[in-house]
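Residues per chain are reported as follows:
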Amino acid sequence: KLALMAARWPHERRGICILTHTNVAREEIESCLRSAPHGDKLLSYPHFIGTIQAFVNRFLALPWLRSQGIELREIDDDAFEERFFRLVHANYSVKKWVGVNPYQRQSTIRGVRYRGAALDVVTTGQTALPATGAVITQVRAVKELLLKEGRVRHEDMFAFAEAALADVPELADSLEHRFPNVFIDEMQDTSDPQLEVLTKVFRTVSSVQRFGDVNQSILGRGPRTAAQAFPVAGCHEVKTSLRFGDEIAAVANSVKAVGDPIEGRGEPAIAPPALLLYSDQTVEQVIARFGRWLAPLVTVEQLDRYPVKAVCAIKRVGNAKQPVGRHVRDYYPEYEDTAGKAVGGRTSVRELLRAAAADSECAERRSGAARQAILLLLGTYGKDDYKAARSWRDLVQLLSQSQLPRVRLTVLNCILGEHDVSTEANTRGAISSVLSELGDLVDPGARSTAIPDAWLLDGGAIAQVPKTQPNLLTVNAAGVEIPVHIATIAAVKGETHLATLVLESCVNKAYDLQSVLPFLCGDQGAAAITDDGLKSQVMNVFVASTRPRRLLAFAMHTDRASLVARGKLTAQGWSVLDWTAPECSSAGTPPK
């Protein structure tokens, strides 16, 4: 639909606004548009594709903060909570108040944030902040101090956006004129602060179309007001899926709590749904054995097009006394939490500078290559503030008004091909030139650091260097190399996989697959769930079950899968595989 609209778009300075909740969804939309005729037109001005957070930051919150003389240094929830708690807790009155009930009131202090156009100080903690007195006075004072220093949390940005709309009501008119068509994806996961801003910006002029699935509400969003309710009465329900066929659709329907059943119109599965049973001794072999079992069923062409992933609902380490199958590290001890970190991409500055100047690449890819090159350089040669930037957005938020134009000019020079990287010697000179352009972002003491060899590799050399990624287990079997990516269910929301392995997990001593097994067996309908904990588990399994195109499997401890349940699944056409006996060796090798 977007590609068709792009082909007929009549405006030069008005665009389509596509808002997502996750970067995964944004990346999938961008990937599809690049492969569609005319779709790449939407990847640049005047159109916008990005998360709701990015939209609010760019068009509302950041301009308002700059108008107040505030330059942001840090938007980081974890860092803010630690710094805020330390400063507030140093006050005697606050320390005494927290001491009455440390478990709840520490959460109250850590959950402090701004809310609404008046920048009211509120908390997400269960215990409310005192309405008057020394405690709330100190909390407000520290919050204002950190704001002046440019240190805020992500949700604060929505309050700043509301303040901008209150101070300059014409902003909403301007944005509605700029974006006559608005599409909002993952609507079921939008929070109240996000909804407050969006409903104040896009009111009557813009045509707003919202997409989402309440069966995938796994991020803990609360109920909506009548004006913000989703879905609204009379909405159109998409009942068909082109991602998978009938077999996977049947599994998804067994754990679908809301709406009509899905009709799978995609390609048929390459194997029936599978229940993979492991033991305490084989839990760490499950992912590798899954890869070897999958190998003869897939082709290299299929693997090149879609990934294979093993997903688990829980990444945090829980109670060590609980039986295994608790979290992702039970299956893959090397798991790294990569949330918020830049992952993947090329690591050769030479190749990035070459890609930035390549006329054959689209404008977005060229600027992205230039930015990645600058981030790599600052990661080694930058001053401490800039060295810590994990993404381009992080870097921009750290820059002052005087520094930002200089960095943008550096990006432009890379795109214009100002830096010769035809030889290794020239590349060294190009790196030195870019560092000079970055000026005071670079630590003078670090300029003597040797240039890493990986930065100087050309295209041919890079092809020979194994690309290592965190949370990747490579399995070699049946003449095929199967890269199995390990991730959380929340992280893959919106993705499409070739095959998906759902790994059992545990919260509050309740193992999700054990709890969901009656639904998978057809003994119970998901629509009748009243328990919030069980509903959360069912929704997680639904999200995981709707990722794959061709194969779906579940890994579960043999002690938690009853013989009766196994028999019912087998009668439905499932494969039940016993992997409880240890293997002599494992062909799955994590990257070094």
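Up top you'll find the structure we're talking about.
Residues numbered from 1 in each chain as written. Predicted model: local features only at pLDDT ≥ 70, side-chain atom pairs only at ≥ 80, totals over all residues. Heavy atoms only, no water.

Chemist: Is there a simple way to explain the overall build of the protein chain in this structure?
Modeler: Each helix and strand in the protein chain was counted, giving 24 helices and 20 strands. Its C-alpha atoms give the protein chain a radius of gyration of 26 Å, within 12% of the compact-globule value 25 Å for 592 residues. Taken along the three principal axes of its C-alpha coordinates, the protein chain extends 70 × 65 × 55 Å. Evaluated residue by residue, the protein chain yields a buried proportion of 49% over its 592 residues. Put simply, of all contacts in the protein chain between residues at least 6 apart along the chain, 75% involve residues at least 24 apart. For the protein chain, the computed accessible surface area is about 27800 Å², with 51% contributed by carbon and sulfur atoms. Taking the 68 positively charged and 67 negatively charged side chains of the protein chain as two groups, their mean positions are separated by 3 Å. (Helix = DSSP H or I, 4+ residues; strand = E, 2+ residues; numbered from the N terminus. Rg over C-alpha atoms; globule rule 2.2 N^0.38 Å. Buried < 20%, exposed > 50% of the residue type's maximum accessible area, 1.4 Å probe, protein only. Contact = heavy atoms within 4.5 Å. Areas by Shrake-Rupley, 256 points an atom, 1.4 Å probe, with all protein chains shown as cover. Lys, Arg positive; Asp, Glu negative; His and termini not counted. Charge placed at Lys NZ, Arg CZ, Asp CG, Glu CD.)

Chemist: Please explain the sheet that holds strand E7 (residues 181–184) as it appears in this structure.
Modeler: The strand order across the open sheet formed by 4 strands is E2-E1-E7-E8, and the pairing between neighbours is parallel. For this open sheet the edge positions go to strand E2 (48–51) and strand E8 (207–210), each flanked by a neighbour on one side alone. Here the strands of the sheet are splayed against their neighbours by 15° on average, with no regard to which way each runs. Here strand E1 (residues 16–20) pairs with E2 via 4 bridges, running parallel. Across the sheet, Cys17 pairs through a bridge with Phe48, a residue of E2. Lying on the sheet, helix H2 (residues 23–34) is in contact with E1 and E2; it crosses E2 at an angle near 155°. (Pairing = 2+ DSSP bridges. Axes fitted to C-alpha atoms, helices over the stretch in contact; angles between N-to-C directions.)

Chemist: Sorry, what's going on with unusual backbone geometry here?
Modeler: Backbone geometry follows two general trends: most residues other than glycine have a negative phi, and most peptide bonds adopt the trans configuration. In this structure, Pro46 follows Tyr45 across a cis peptide bond, with omega equal to 10°. By the element assignment, Pro46 lies in the loop between H2 and E2. The residue His38 is not glycine, and still its phi comes out positive at about 70°. Position of His38 relative to the elements: it lies in the loop between H2 and E2. The phi dihedral of Leu119 falls on the positive side, at around 55°, and the residue is not glycine.

All we've got here are geometric facts, nothing functional implied.
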